[in-house]
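Okay, here's what each chain looks like letter by letter:
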Amino acid sequence: MTLYLLRRLLALMLTLIAASIVVFLVTEIIPGDPASFMMGINADPQAVAALRSELGLDQPLVTRYLAWVIGMVQGDFGLSYTYKVPVSELVGDRILISLPLTLYALLLSTLIAFPAGVVAAARRNTAADFAVIGATQLGVAIPNFWFAMLLVLAFAVNLQWFSAGGFPGWDAGFLEAMKALTLPAIALALPQASILARVMRSSLLDTLDEDFVRTARAKGLTRSQTLWRHALRNALIPVLTIVGLQFSFLLAGGIIIENVFYLPGLGRLVFQAITQRDLIVVRSVIILLVFAVVAVTFLVDIAYAVADPRLRRRAR
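Residues numbered from 1 in each chain as written. Predicted model: local features only at pLDDT ≥ 70, side-chain atom pairs only at ≥ 80, totals over all residues. Heavy atoms only, no water.

Engineer: Got a minute to help me understand the overall build of the chain in this structure?
Structural biologist: The number of helices and strands found in the chain is 14 helices and zero strands. Per-residue burial over the chain gives 41% buried out of 316 residues. For the chain, contacts bridging at least 24 residues in sequence account for 74% of all contacts bridging at least 6. Split by element, the accessible area of the chain, about 16800 Å² in all, is 67% carbon and sulfur. (Helix = DSSP H or I, 4+ residues; strand = E, 2+ residues; numbered from the N terminus. Buried < 20%, exposed > 50% of the residue type's maximum accessible area, 1.4 Å probe, protein only. Contact = heavy atoms within 4.5 Å. Areas by Shrake-Rupley, 256 points an atom, 1.4 Å probe, with all protein chains shown as cover.)

Structural data, given as structure tokens:
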């Protein structure tokens, strides 16, 4: 198990190094100069040069990359070109919205998908199975931003149960804050629940056809006992993969939903930073999202080893 974890940690570190190089180079080759953009079209060239020097844009490429990486390791993500505040403060404020929204959506997705997938697999080729398949196909086909607008129209405009957008802040109370995140979380969770339910059904059906399941049935266990005691755990490997990917997608891919509901989260911060050419914010937020993706993948790998002892034996 220790050797397995060390290998995964090494892969995590190499991935982060490669991602930091790619993110830095991509933001560097974007056309235009942030200093010129900030000063305006008719700015004095000397003023632009002074601003470039102040921002460190006149330094060699390697020097700027190393300074950025060393700063991140020390917790210093730099100073925002636009807001004139540390990037860590901006990210800290925004992640308090994006992270709860992601966890909320992932919880809803899992609570919907797991029972649906298990019921569909346990009652294969029945009305319940066909109903789950049809519902998941519809859930995958509907774009989440369109579904978000339907939710606003139904529950905010007509029924007035929820607000149409905005975030009152955690100071307004936990229930009020979660209420503001409910519609965005549902809009994010629907397509992810559909995907997860289909994967759960497919994986469980494959496991139910394995020899050890037939052996358990031959020993006298009922189909329900075999499913819950033996088949379900072995079917979780691909499901854990999808759950890990969904967390990463929901955290990094909520930019559209955050703009639909006017939520001041990480996605909206990246969108605003791109339009304002605040590249230090863009690259810092992106590398944080990459770290979140890699860290979740590492945790999923650990869950693999816990769920499937064969992985630990292979590592040894």
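From this point, things continue past the structure.
Engineer: How should the environment of Val118 be read in this particular structure?
Structural biologist: In this fold, Val118 is placed in helix α5 (residues 87-122). When its relative accessible area of 9% is taken as the criterion, Val118 is described as buried. Linking Val118 and Leu204, residues 86 residues apart in sequence, is a C-alpha distance of 7.3 Å.

Engineer: Sorry if this is basic, but what is going on with a nonpolar patch on the surface here?
Structural biologist: Together, Ile95, Leu96, Leu99, Leu103, Trp170, Phe174 and Leu175 make up a nonpolar patch on the protein surface, roughly 670 Å² of accessible area in all. Residue assignment for the nonpolar patch shows that the elements contributing at least two residues are α5 and α8 (174-208). No other element matches the four residues that α5 contributes to the nonpolar patch. (Patch = residues over 30% accessible without salt bridge, like charges linked within 9 Å, V, L, I, M, F, W, Y side chains within 5 Å. Salt bridge = Lys/Arg side-chain N within 4 Å of Asp/Glu carboxyl O.)

Engineer: Help me understand unusual backbone geometry in this model?
Structural biologist: Negative phi characterises most residues that are not glycine, and trans characterises most peptide bonds. Of note, Asn125 is a non-glycine position whose phi angle comes to about 60°, a positive value. Residue classification places Asn125 among the exposed positions, given a relative accessible area of 57%.

Engineer: It is not clear to me how the packing of α5 against helix α12 (residues 266-275) should be interpreted in this structure. Could you clarify?
Structural biologist: Angle between the axes and distance between the axes are the two parameters that describe a pair of packed helices. α12 packs onto α5 with a crossing angle of 135° between their chain directions and a minimal axis gap of 8 Å. The angle between α5 and α12 places the two elements in the oblique class. Residues Leu90, Val91, Arg94, Ile95 and Ser98 of α5 pack against Leu266, Gly267, Arg268, Leu269 and Gln272 of α12. Among the residues forming the contact of α5 with α12, the class breakdown is five nonpolar, three polar and two charged. (Axes fitted to C-alpha atoms, helices over the stretch in contact; angles between N-to-C directions. Parallel < 35°, antiparallel > 145°, perpendicular 65-115°, else oblique. Nonpolar A, V, L, I, M, F, W, Y, C, P; charged D, E, K, R; others polar.)

Engineer: Would you mind going over the nonpolar core with me for this structure?
Structural biologist: It is characteristic of soluble globular proteins that their nonpolar side chains tend to be buried jointly. Of all hydrophobic cores here, the largest spans 69 residues; its most connected members are Trp68, Leu181, Leu204, Val281 and Val285. Of all the elements in the fold, those that place two or more residues in this core are α1 (2-28), α4 (61-73), α5, α7 (144-158), α8, α10 (223-252), α12 and α13 (279-307). A per-element tally of this core places α8 first, with 16 residues. (Core = buried A, V, L, I, M, F, W, Y, C linked by side-chain atoms within 4.5 Å.)

Engineer: What is the right way to look at the pattern of salt bridges in this model?
Structural biologist: Close approach of charged atoms lets side chains of opposite charge pair. Across all of its chains, the model carries one salt bridge by this definition. For Arg201, the salt bridge identified is with Asp129, shortest N-O distance 2.7 Å. Of this pair, Arg201 sits in helix α8 while Asp129 sits in helix α6 (residues 127-141); the two residues are 72 residues apart in sequence, bridging distant segments of the chain.

Engineer: Looking at this structure, how should I read the UniProt feature "transmembrane region" (unreviewed entry) in the chain?
Structural biologist: Per the UniProt record, the feature "transmembrane region" (unreviewed entry) sits at residues 9-30, 95-118, 130-157, 177-197, 235-257 and 285-307. The distance from the first to the last C-alpha atom of residues 130-157 is 34 Å, and the span holds 93% helix and 0% strand. Secondary structure across residues 177-197 comprises 100% helix and 0% strand; the distance between its end C-alpha atoms is 28 Å. (UniProt positions renumbered as here; feature names shortened; annotations may be inferred.)

Engineer: Just checking my understanding: could you explain the layout of surface pockets for this structure?
Structural biologist: In this approach, a probe sized like a water molecule rolls over the atoms, and the result shows the empty space that is left. By volume, the second largest pocket is sized at about 300 Å³. Lining the second largest pocket are Met13, Leu16, Ile17, Ser20, Tyr65, Val69, Met72, Val73, Phe77, Ile287, Leu288 and Phe291. Listed by contribution, the elements that provide at least two residues to the lining of the second largest pocket are α1, α4 and α13. Looking at the lining of the second largest pocket residue by residue, the class counts come to 11 nonpolar, one polar and no charged. (1 Å grid on protein atoms, 1.4 Å probe; cavity = no way out; pocket = protein on both sides within 12 Å on 5 of 7 lines; lining within 4 Å. Points joined across faces, edges and corners; volume = space filled by probe spheres on them.)

Engineer: Mind showing me how you'd approach the packing of aromatic side chains here?
Structural biologist: For any pair of aromatic rings, the description rests on two quantities: the centre-to-centre distance and the angle between the ring planes. Throughout the structure, instances matching the rule amount to six aromatic pairs. Between Phe167 and Trp170, the ring centres sit 5.6 Å apart and the planes meet at 70°, which makes this aromatic pair edge-to-face. With a relative accessible area of 19%, Phe167 lands in the buried category. Residue Trp170 is classed as partly exposed on the basis of its relative accessible area, which comes to 30%. In this structure an aromatic cluster arises from ring pairing among Phe24, Tyr65 and Trp68. Its guanidinium or amino end placed over the ring of Trp68, Arg283 lies 5.8 Å from that ring's centre, counting from NZ or CZ. (Phe/Tyr/Trp six-rings, centres within 6.5 Å; stacked < 30°, edge-to-face > 60°. Lys NZ or Arg CZ within 6 Å of the ring centre and 35° of its normal.)

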